[in-house]
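# Structural overview
The chain contents come next:
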Amino acid sequence: MRAVLAALLLACTCLTVPAAVSADSAVSADPTVSFSDNGLSIRPAMGWSSWSFVRRWPDEAKMRAQADALVSSGLAAKGYVHVNLDDFFQKCDANGFVVDSFGRWAVDTAKFPSGIKALADYVHAKGLKFGFYVTPGIARNAVTANRPIEGTSYHAQDIADTTQTHKNYNCKNMYRLDHAHPGTQAFINSWANQMASWGVDYLKIDGVDATTVADVEAWDRALRQTGRPINFALSNNLPIAQAATWRRLANSWRTQGDVECYCGPGPNGSGFPLTDWAHVVSRFNSAASWQQYAGPGGWNDYDSLQIGNGDQVGLTADQRRSHMTHWAMAASPLLLGTDLTALTSVDLAILRNDRLIAVNQDGVAAQRIVNSGVNQVWRKREANGDYVIALYNTGTSGNSTVSVTWSQAGFTGPAAVTNLWSGASEGTVTSSYSATLRPGETRLIRARPNVQRYEAEGATISQGTVDSNHAGFSGTGFVNYTNVTGSYVEFTVNATAAGTATLTLRHANGTTADRPMTITTGDTTLTLGFPGTGAWTTWANATFTLPLTAGANTVRATATTDGGGPNVDYLDVTPP
Ligand code: GCU
C-alpha cells in the first residue's frame, strides 16, 4: 500500500490542478472502485479529538497540552498519533462565521494567537499528525462581502445558493454551493490548499448527509489536488443507504450521532460525564448493520473512545473495557475523547494493551453471532486463520453466562485459547466456550484452531509447477508434479512439541492410474497410494500420522512411479 501511496503522491505533484480534478473525477465515477483509493488509512486511525472533553473551548495551549500528554503517556508510541482539532476554533458574528479575504472561515486569534500552522508544526515536531474540521458550504459573511475566490475571477456571490443553508453546529449561516459552477470547486480547492499549507493530515467534514454528496465529492477532489496525504473523515449519522458512496469517497464515516451524552454540568451538557453506557451500547446494533462496509482505506467510525479518566467519563471499568473491546472488534477508528493530562492507571492499561490494539488494527470488522437478551457474541477471522471472539453482558444489573460454540464462530475442532485482556493462555478448548460476566463486562479471546495449513504452492518443489487451471484449490494454486519418478514437494512443518501429528494431504488425480508416493520425515517413510479421484477438479484428503520433533520438520512427498504424483493442494497439520 506504501507503493500505492507513493504513486498517488507522485501523480498529485506532477499534475496541474484541473488535470488532477478531472482524473480524480474519473476514478470516483468508476463503480468498480469500492474503497477510497487515496491510499490513506489502510488501518483504522488512532489518536485524540478535542470534541468530547475540550468541547467548545479549544485553544492552542490546550491542544499542545494534549499533544504533549499523548507522547508522555506512551500512547503515541502505541500508535495513537492523530491530534484532531474539532469545531469551535472559528469566530462568529451576528451573521455567522467571520471569514478571511478569500471567504474561508477565519481562525479565532484569541484562541489560536500563533495560528493553525504553528500548532500543526508543534504537533508534527512531536511525531504526531494534525487534524482539522470543516462543514459543507460557504459562510454568509463571505457572500455578503462578495469575497473573491482565490486564483480566479469569480466571487462568492457567483457560487452561493442563498436560498438554502447547510447543517452547522456552530455559527450556522452556511449557504449551499452551486456545484455546477466552476468557481465552487476552485473555492473548496483554495480552502483545502490553505489546510495543506498549514500541515493538516486529517480532515473531518461534519454535517454530512444524503443531500451533501456533491460537497463530499468536491472536498475529496480538493484534498487530492493539494498533493498532501489528508485522511478524509465524514460525520455524522450517515445514512446506510449511501454506504457505498461514503466508502468510495472517504477513509471513515460516522454511522450514528454523537457518543457524548451531553449530560455534564457545563454549558450544553459539557464536562464530565462525557457519555453513558446507553450511548456506547447503541453502537453494537449500528456495528451489526454496517459491518460489511468496513475495510482497508474505509472504516465505520463509532465515534470517540471515552476512556482515560476513570469512572467520571460515565462508564464503569467493566464498561470501558467493553467499549474498547467493541471498537477493536469493529475495526473502528480509535480517537480518544478524554483529557489525556489526567489519565488513570487503570485506563492507561486499557488503552496500551497491545493485544487489543492488534485486534483493532487487524482491519477486520467483526460480525455479531449471538444477540439474545443482554448477551452478545461477536467474531472475526484474522488473516492468519485465528478467530477473535468477544462475549458481552450488555446489561446493567446481574451476572449473565454467555456462550458460543466453535461452529457458530466459524470453525470446528479443538483450538488454543488466549484471553486477550490478560494475555493468559486458557489451553486447548474442544468445541465451545462460555463465561459468566458481570453487568457491562466483556471476555475477549483469540482461538487458534489447532490445524495448521501449509499450501503446496508455498513449499519447496522439485520437478513440478504451480498451476491454477483446475478449480477448487485453496490458496493461489496447486502443484502439478512432473510425470517422473522422484518429483517431490517438501513442506517445512513447525511443531511446538515433539510427538505424533495428524496430517492431511489434499490432492486430485484425474487419471484412473494410482500415483503412489513416499512420505518421509526424519527416519520415517510411509508409502501411500493416490488413486484416481474422478477428475482433476475433484479434491480428496489423504490422512496419516507422522512423528514430529519440536521445531522445524521437513515432510517430503515423492512420486515413486513415472506418472509422477497427484496434483497436491495443501498439507494440513494438527500438531502433537
Ligand atoms: C493434466 C492435468 C494436470 C496434471 C497432469 C498429470 O495435464 O491438467 O493438472 O498434473 O495432467 O497427469 O499430472
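Notes on the structure in this doc start here.

## Some points on the overall build of the protein chain
Of the regular secondary structure elements, the protein chain holds 14 helices and 32 strands. Summarising its shape, the C-alpha atoms of the protein chain cover approximately 90 × 60 × 40 Å along the three principal directions. Within the span of the protein chain, comprising 576 residues, buried residues form 54% of the whole. Considering only contacts within the protein chain whose residues lie at least 6 apart along the sequence, 74% involve residues at least 24 apart. Side chains of the protein chain give 42 positive and 46 negative charges; the mean places of these two sets differ by 3 Å.

## A short note on the sheet that holds strand E26 (residues 488-495)
Ordered in space as E23-E26-E31-E28-E29, the 5 strands form an open sheet in which the pairing is antiparallel. Unpaired on one side and paired on the other, strand E23 (460-462) and strand E29 (524-528) mark the two borders of the sheet. Strand after strand, the sheet turns through a mean of 20 degrees between neighbouring axes, direction not considered.

## Notes on the environment of Gly295
Structurally, Gly295 can be placed in the loop between helix H10 (277-290) and strand E12 (299-301). For the pair Gly295 and Thr109, spaced 186 residues apart in sequence, the C-alpha to C-alpha distance is 39 Å.

## Concerning the environment of Val208
Positionally, Val208 belongs in the loop between strand E9 (202-205) and helix H8 (213-225). Accessibility expressed as a relative area gives 0% for Val208, which makes it buried. Those residues in contact with Val208 that lie beyond four places of it in its chain are Lys167, Val216, Ser235, Asn236, Leu238 and Trp246.

## What about the sheet that holds strand E8 (residues 174-177)?
Spatial ordering of the open sheet is given by E6-E8-E7, a layout of 3 strands whose pairing is antiparallel. Two strands in the sheet have a free side with no partner beyond their single neighbour: strand E6 (138-139) and strand E7 (160-165). As judged from the 3 bridges shared by E7 and E8, these two strands associate in the antiparallel manner. Along E8, the bridge assignment pairs Thr165 with Tyr175.

## Remarks on the state of the cysteines
This structure, assessed with the given rule, holds 2 disulfides. In this model Cys92 forms its disulfide with Cys171; the gap between the sulfur atoms is 1.9 Å. One quick way to see it: the torsion about the S-S bond of Cys92 and Cys171 is about -75 degrees, and its sign makes the bridge left-handed. Linking Cys92 in strand E3 (residues 92-93) with Cys171 in the loop between E7 and E8, this pair joins segments that are 79 residues apart in sequence. According to the relative accessible area criterion, Cys92 is partly exposed, its value standing at 40%.

## Structural notes on the packing of helix H7 (residues 182-198) against H8
Close contact between H7 and H8 brings their axes to 8 Å; oriented N to C, the two are set at 50 degrees. As summarised for this structure, H7 and H8 are arranged oblique, according to the angle between their axes. Taken as a pair, H7 and H8 cross one another with a handedness that is right-handed. For the pair formed by H7 and H8, the contact residues are Gln185, Ile188, Asn189, Trp191, Ala192, Asn193 and Met195 on the first element and Ala218, Trp219, Arg221, Ala222, Leu223 and Gln225 on the second. Tallied by class, the residues present in the contact of H7 with H8 amount to 8 nonpolar, 4 polar and 1 charged.

## Considerations on unusual backbone geometry
Residue Asn236 is bonded to the preceding Ser235 through a cis peptide linkage, with omega at -10 degrees. Looking at the secondary structure, you find Asn236 in the loop between strand E10 (231-234) and helix H9 (243-249). For the bond from Phe272 to Pro273, the omega torsion is 0 degrees, close enough to zero to count as cis. With respect to the helices, strands and loops of the structure, Pro273 is situated in the loop between strand E11 (252-254) and H10.

Definitions and cut-offs
- Residues numbered from 1 in each chain as written.
- Predicted model: local features only at pLDDT ≥ 70, side-chain atom pairs only at ≥ 80, totals over all residues.
- Heavy atoms only, no water.
- Helix = DSSP H or I, 4+ residues; strand = E, 2+ residues; numbered from the N terminus.
- Buried < 20%, exposed > 50% of the residue type's maximum accessible area, 1.4 Å probe, protein only.
- Contact = heavy atoms within 4.5 Å.
- Lys, Arg positive; Asp, Glu negative; His and termini not counted.
- Charge placed at Lys NZ, Arg CZ, Asp CG, Glu CD.
- Pairing = 2+ DSSP bridges.
- Axes fitted to C-alpha atoms, helices over the stretch in contact; angles between N-to-C directions.
- Disulfide = S-S within 2.5 Å.
- Parallel < 35°, antiparallel > 145°, perpendicular 65-115°, else oblique.
- Left-handed = near helix turned anticlockwise from the far one by under 90°.
- Nonpolar A, V, L, I, M, F, W, Y, C, P; charged D, E, K, R; others polar.

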